[in-house]
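# Coordinate analysis (summary)
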Amino acid sequence: ETGVTQSPTHLIKTRGQQVTLRCSSQSGHNTVSWYQQALGQGPQFIFQYYREEENGRGNFPPRFSGLQFPNYSSELNVNALELDDSALYLCASSSGGSGYTFGSGTRLTVV
Amino acid sequence: GENVEQHPSTLSVQEGDSAVIKCTYSDSASNYFPWYKQELGKRPQLIIDIRSNVGEKKDQRIAVTLNKTAKHFSLHITETQPEDSAVYFCAAADYGQNFVFGPGTRLSVLP
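About the criteria used
Residues numbered from 1 in each chain as written. Chains lettered and ligands numbered in written order. Predicted model: local features only at pLDDT ≥ 70, side-chain atom pairs only at ≥ 80, totals over all residues. Heavy atoms only, no water. Helix = DSSP H or I, 4+ residues; strand = E, 2+ residues; numbered from the N terminus. Rg over C-alpha atoms; globule rule 2.2 N^0.38 Å. Buried < 20%, exposed > 50% of the residue type's maximum accessible area, 1.4 Å probe, protein only. Contact = heavy atoms within 4.5 Å. Salt bridge = Lys/Arg side-chain N within 4 Å of Asp/Glu carboxyl O. Phe/Tyr/Trp six-rings, centres within 6.5 Å; stacked < 30°, edge-to-face > 60°. Polar contact = N/O pair within 3.5 Å; in protein donor to acceptor, adjacent residues only side chain to side chain. Disulfide = S-S within 2.5 Å.

Of regular secondary structure, chain A possesses zero helices and eleven strands. When its helices and strands are written in sequence order, chain A yields β-β-β-β-β-β-β-β-β-β-β. Taken against the 2.2 N^0.38 rule, which gives 13 Å for 111 residues, the C-alpha radius of gyration of chain A at 13 Å falls within 12% of a compact globule. Overall, chain A is about 35 × 30 × 25 Å in size when its C-alpha atoms are taken along their principal axes. Among the 111 residues that make up chain A, the fraction classed as buried is 49%. Restricting to contacts in chain A with at least 6 residues of sequence separation, those with at least 24 account for 51%.

Along the chain, Gly103 of chain A turns up in the loop between β10 (101-102) and β11 (106-110). With a relative accessible area of 0%, Gly103 of chain A lands in the buried category. As a C-alpha pair, Gly103 of chain A and Ser24 of chain A span 79 residues in sequence and 8.6 Å in three-dimensional space. With sequence-adjacent residues up to four places away left out, Gly103 of chain A is seen in contact with Val4, Gln6, Leu90 and Cys91 of chain A together with Arg43 of chain B.

Take the pattern of salt bridges next. For the structure on display, the rule yields seven salt bridges over all chains. Note that Asp85 of chain A is salt-bridged to Arg63 of chain A, the shortest N-O span being 2.8 Å. Taken together, the residues Asp85 of chain A in the loop between β8 (74-78) and β9 (87-94) and Arg63 of chain A in the loop between β6 (53-57) and β7 (64-68) connect sequence positions 22 residues apart. Just as Asp85 of chain A is buried, Arg63 of chain A falls in that class too. Measuring nitrogen to oxygen at the nearest pair gives 2.9 Å for the salt bridge that ties Arg61 of chain B to Asp84 of chain B. Placement of the pair is Arg61 of chain B in the loop between β6 (56-59) and β7 (62-67) and Asp84 of chain B in the loop between β8 (72-77) and β9 (86-93), with a sequence separation of 23 residues.

The next thing to look at is the packing of aromatic side chains. Counting across every chain of the model gives 16 aromatic pairs over all chains. Where Tyr25 of chain B meets Phe73 of chain B, the ring centres are 6.0 Å apart and the plane angle is 55°; that geometry is what we call tilted. With a gap of 48 residues between them, Tyr25 of chain B in strand β3 (residues 19-25) and Phe73 of chain B in strand β8 connect regions that are remote in the sequence. Of the two residues examined, Tyr25 of chain B and Phe73 of chain B, each falls in the buried class. Connected via pairs of aromatic rings, a cluster forms that spans Tyr35, Phe45, Tyr100 and Phe102 of chain A together with Tyr32, Tyr36, Phe99 and Phe101 of chain B.

So, on to the side chain of Gln6 of chain B. All names here are of chain B. Within the secondary structure, Gln6 sits in strand β1 (residues 4-7). At 3.0 Å, the side chain of Gln6 and the side chain of Thr105 are in polar contact. Every residue in contact with Gln6, bar those within four places of it in the chain, is listed here: Ile21, Lys22, Cys23, Trp35, Tyr88, Phe89, Cys90, Gly102, Pro103, Gly104 and Thr105.

Moving on to the state of the cysteines. The full count for this structure, using the stated rule, is two disulfides over all chains. Residue pairing for Cys23 of chain A: its cysteine sulfur links by disulfide to Cys91 of chain A, the two sulfurs lying 1.8 Å apart. Its torsion about the S-S bond being -55°, the disulfide of Cys23 of chain A and Cys91 of chain A is classed as left-handed. In this pair, Cys23 of chain A is assigned in strand β3 (residues 19-24) and Cys91 of chain A in strand β9, connecting sequence segments 68 residues apart. The same class applies to Cys23 of chain A and to Cys91 of chain A, which are both buried. Here Cys23 of chain B is linked by a disulfide to Cys90 of chain B, with a sulfur-sulfur distance of 1.9 Å. Handedness here is read from the sign of the S-S torsion; for Cys23 of chain B and Cys90 of chain B, about -100°, the answer is left-handed. With Cys23 of chain B in strand β3 and Cys90 of chain B in strand β9, the pair connects residues that are 67 residues apart, well separated along the chain. Its relative accessible area of 0% is what places Cys90 of chain B among the buried residues.

Encoded structure:
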């Protein structure tokens, strides 16, 4: 077990709805990054949080937002869901320059 | 921003042969280059990484080489086995920042 846990594992939402995905980082890791992985593609960077502050953002619209809590766990919120938001959402934690440890991901399906 | 290209997109080798996957990056500030293996339906897992102050690193059957001048790095797998079949992703990162992933290489090891 890698120590990074994500919930839920699967989720089906209707277009226009809002969703919250959760991630518990590995013990000792203070940096959490969120990635979107569409089928057959590499992970695309959404944003990163370091000590509760956003520390970089990829090319995603503002309806993708996040939070990091004092225990370094994190949430990804997506508003006004679109069909193209259907993907595997990966959370990864790290501790300053180390390789990411990925969670198992949340598979989101928007119908 | 950083851009990572990866070739080939698919690779088939006979069991026991070697496999080589190549990546190029654009940002000379990148100094950390991990490789991830992702099996079907599972999370990406770090298999090897290299930092910019090192030209080559080896771990049993897996090795990575880095040419900073040319901005490319490669993954070498020797004596391939069926369990090596997966999608492999390279990534490039500036210290502590987000990782930019390549599009992936689907490796098939044929018995």
